[in-house]
Every structure is written in structure tokens, then in C-alpha cells.
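Each chain, letter by letter, is given below.
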Amino acid sequence: MRRRSAAFMGGPNPTLQKKSETRTSLTPFALQLLGDNANNDNSISNNNNNYEGKSSNNDNNNNNNNNAAKKQRTFILSAGAHGEQGYRRTMEDEHVMELYLNTTGLNKQPCKFFGVFDGHGGTQCSIYIKDNIVEVLTEELNKIDVINDINDQDEQVKQALTNTFLKVDEDFLAKCKEESYTNVGSTVTTLLVVGNRAYCANCGDSRTVLSRGGTAIALSQDHKPKVPSEERRIVDAGGRVFHGRVWGVLAVSRAFGDADFKIGSDMLDEFEITASLVIADPEFQIIELGESDDFVILACDGLWDVMENDRAVQWVQEQINKQEEEHSYADLDQIARLMTKVSIEQLNSRDNVSIMIVKIE
């Protein structure tokens, strides 16, 4: 079986290296940034959130100051990923991890980006997304130069992500026409972290799940043609859903690519359909990271077809606990690799399986 791990993406994963004994949760990159302050618990509170109220100067309000400092804490993220071809003839999944997104927008808040792309019909679409989505997103985020409040930030970030999804899809559709690609597409599930605010943007049936205090919280909704709201949209556009598939063919209702199901295709023109049956518009969920947040799992449906959200969160936490007891750190690449093997060899997943784990500390 073909394998792809995060190490293949270039450079060592920070979770593979032993952490400082005094702060085992910090990655080497974070230790380099913090320097001599790495052992000071208060040092990670220095990056202020622009939308939190300023601390009072009144010495009698120490509790309020401490609460404000806690809110302003910057969480450290580390990530690992792995993909397996499994029983499929080809490996069509890809992923990206950017622990430092080089953007000048958003008041220069630190940004991180993670994504899993589940290709179908070929590898062309998922590879194109992997190669282009970070650059397009960075350009969109650079345009956000004025932020009035947190609600304004949320709306602008959502618009930037939407523009990114639609532009990458549009550019790939043009490539499909040039290269005569047919029926090639990919689902996309992503997590953008701006400061301590996390934006999940999802398109298709890959899924993002947060572990908060050991409880699984779905940050995305699967876009299947049989979902009532998705089927209604398809039917209103002039299409049909047969056997849980668009026109009895495609098992997802949102995806990049899949040119035959989008405006301008010969098939839709033949049936005089005037709106895309499959769309690349993302849906969002926004959360503020907190002390009880443990990690996020981003994975294709090859995992979720055989493992429920609650069980996935429990399984990953057990592995993290085990590794931290044995080695004082968690090798997230190794945990993702083992999880793919369990999905395929023990739970009998018949699909490609790609899993990314983002640890929150």
C-alpha cells in the first residue's frame, strides 16, 4: 500500500523532537521564538488579542487582570499527518500543514493553516489544491488591513476563505478544459487559526472534529446529496439525486473540480440546467480556542466511514497519553500513521485514508 506522511511534505515535523523538560508542550520552533522566556509560563500571554479589553491599572483588580491575561494566552499548535492508499487502485488524497502563514494582513496576527483534500476520479485536483491553496489564501488574507471588531474579523476571514475556495476551483476548472480532464474532483476540509480564533471551512464529505475536554465536537457538516438542504438545492437547480448520488453518479454535493456538474459543461447545457449542481462554496464554523481544547482531527471519509467522531477522539487521546508517558512528547505523525492502519486493517475501510492531527497546548 502506498503511504504518504507529513515528513514527505518537506522538513522534519516538530513533534518528532524531544521537548524541553521544563515545558514539554512547546515545539522547537516555539522555543526558538520565546528564547529565554521559554520557561516562563507568562511569556505566552504577551501576544495580546486586539479585541480583548485592556487590563485595569487598579491594583485592587488583580483577579480581573489575571482573567484578561488568560484570555490573551497564545496557544501552541503542533501537527502530524499520514495517508494510506489502502485497498484503492490509486492514492488520490493530499494535505497541507502551514504552522506559519506568511501574511501581512489581519493586523499581523499569527496565522496557521491545515487542510486535507480527498480526491476522486484521479489525482489532478487534490494535487492542484495542495500546490495552490496556500498562496491564494495568503493573497486574500493580505487584503484584510482594517478590522473594526471581532465580528468584522470573522466576516472578512470567511469572505477571504470563500474567495480562496472559489478561485482555486475556478482555476482548476480552466485547467480541466485545457487538459481535457473529465470527472476529476476533490473534497476539501480546512482549519485556519488566526491568533486563538479557529475557522473551519469545509466543502464535501471530509470532516474536521475538535476534542474539547475529551468530547468530540464536529466543526464541519458532511455535504452529501441525500442531506435535505443539499438535495433541495440540487433539485431547485434542475438536477436529480438517485441512490444518494448526484444524477446517480457523484456521492458528494460540494467539491472542487467535477466540471461535468458545473455551469458551462456540455451535460448541464444539454439538460438546460442554469446553475451548478455541485458547488465549491464552503460552510463555516468558528470557535475561540480555550484551555479545555485538546486537538483537532482533519480526515477524509475513509476514516469517518468506519469510526465515529467520539471514538476517534477517544482513540487519539489514548495514543497521546501513552506516548507522553513513554517519551514525554507525542509523535503525531506516528499516531496518524497508526490510525490509518487501524482504519484499513482492523476496521476494513475500503477507501484511501488520510488523517491530520493538530495538537493544542
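None of these values were measured; they are calculated from a predicted model.

Q: Looking at this structure, how should I read the pattern of salt bridges?
A: Within this structure, the stated rule accounts for 18 salt bridges. The closest approach of N and O atoms between Lys-158 and Glu-155, which form a salt bridge, is 3.7 Å. Of this pair, Lys-158 and Glu-155 are both found in helix α4 (residues 150-179), 3 residues apart, which corresponds to roughly one turn of the helix. Residue classification places Lys-158 among the partly exposed positions, given a relative accessible area of 25%. A salt bridge links Glu-345 to Lys-341, with the shortest nitrogen-to-oxygen separation between them at 3.0 Å. Here Glu-345 pairs with Lys-341, and both are found in helix α9 (residues 332-346), just 4 residues apart, close to one helical turn. Taking relative accessible area as the criterion, Glu-345 reaches 48% and is therefore assigned partly exposed. Look at Lys-341 and you get partly exposed, because its relative accessible area is 29%. Salt bridges sharing partners connect three or more residues here, namely Glu-230, Arg-233, Arg-254 and Glu-283.

Q: I tried to follow the packing of aromatic side chains on my own but got confused; where do I start?
A: Geometrically, a pair of aromatic rings is defined through the distance of the ring centres and the angle of the planes. With the rule as written, the count across this model stands at 5 aromatic pairs. Both rings, one in Tyr-128 and one in Phe-172, keep their centres 5.5 Å apart while their planes meet at 50 degrees; by these two values the pair is tilted. Here Phe-172 lies in helix α4 and Tyr-128 lies in helix α3 (residues 124-142), a separation of 44 residues in the sequence. Each member of the pair, Tyr-128 as well as Phe-172, is classed as buried. Here the aromatic rings of Phe-172 and Tyr-181 are separated by 6.2 Å at their centres, their planes lie at 25 degrees, and the arrangement is stacked. Looking at Tyr-181, the relative accessible area reads 22%, which means it is partly exposed. Through a chain of ring-to-ring contacts, the aromatic side chains of Tyr-128, Phe-172 and Tyr-181 assemble into a single cluster. Directly above the aromatic system of Tyr-87 lies the positively charged group of Arg-350, at a separation of 4.1 Å from the ring centroid.

Q: Any chance you could explain the side chain of Asp-351 here in plain terms?
A: Mapped onto the fold, Asp-351 is located in the loop between α9 and β14 (353-360). Looking at Asp-351, the relative accessible area reads 11%, which means it is buried. Contacts of Asp-351, omitting those with residues within four sequence positions, involve Gln-85, Gly-86, Arg-88, Asp-118, Asp-301 and Gly-302.

Q: Looking at this model, I keep getting lost on the packing of helix α8 (residues 309-327) against α9. Mind explaining?
A: Angle between the axes and distance between the axes are the two parameters that describe a pair of packed helices. Contact geometry of α8 with α9 gives a least axis separation of 11 Å together with a crossing angle of 135 degrees. Between α8 and α9, the crossing angle belongs to the class labelled oblique. The crossing of α8 and α9 is right-handed. Facing α8, whose interface residues are Ala-312, Trp-315, Val-316, Gln-319, Ile-320 and Gln-323, α9 presents Gln-334, Ile-335, Leu-338, Met-339 and Val-342. Counted by class, the contact of α8 with α9 contains 8 nonpolar, 3 polar and no charged residues.

Q: I keep staring at α8 and nothing clicks. Help me out?
A: Because each turn of an α-helix spans 3.6 residues, side chains separated by three or four positions in sequence point in the same direction. Given a rise of 1.5 Å per residue, 19 residues ought to cover 27 Å, and the 27 Å separating the end C-alpha atoms of α8 matches this to within 8%. When α8 is considered as a whole, its buried residues turn out to be Asn-309, Ala-312, Val-313, Trp-315, Val-316, Gln-319, Ile-320 and Gln-323. Along the axis of α8, the buried positions cluster into a sector of 165 degrees, meaning they face one direction only. Those residues of α8 that are exposed and aimed more than 90 degrees away from the buried face are Asp-310, Glu-325 and Glu-326. Against β7 (207-212), β8 (215-218), β13 (293-299), α7 (301-304), α9 and β14 lie the buried residues of α8. In the segment just after α8, Ser-328 is the residue with positive phi, at about 75 degrees.

Reading the values: the criteria
Residues numbered from 1 in each chain as written. Predicted model: local features only at pLDDT ≥ 70, side-chain atom pairs only at ≥ 80, totals over all residues. Heavy atoms only, no water. Salt bridge = Lys/Arg side-chain N within 4 Å of Asp/Glu carboxyl O. Helix = DSSP H or I, 4+ residues; strand = E, 2+ residues; numbered from the N terminus. Buried < 20%, exposed > 50% of the residue type's maximum accessible area, 1.4 Å probe, protein only. Phe/Tyr/Trp six-rings, centres within 6.5 Å; stacked < 30°, edge-to-face > 60°. Lys NZ or Arg CZ within 6 Å of the ring centre and 35° of its normal. Contact = heavy atoms within 4.5 Å. Axes fitted to C-alpha atoms, helices over the stretch in contact; angles between N-to-C directions. Parallel < 35°, antiparallel > 145°, perpendicular 65-115°, else oblique. Left-handed = near helix turned anticlockwise from the far one by under 90°. Nonpolar A, V, L, I, M, F, W, Y, C, P; charged D, E, K, R; others polar. Expected span 1.5 Å × (residues − 1). Arc of directions from axis to C-beta.

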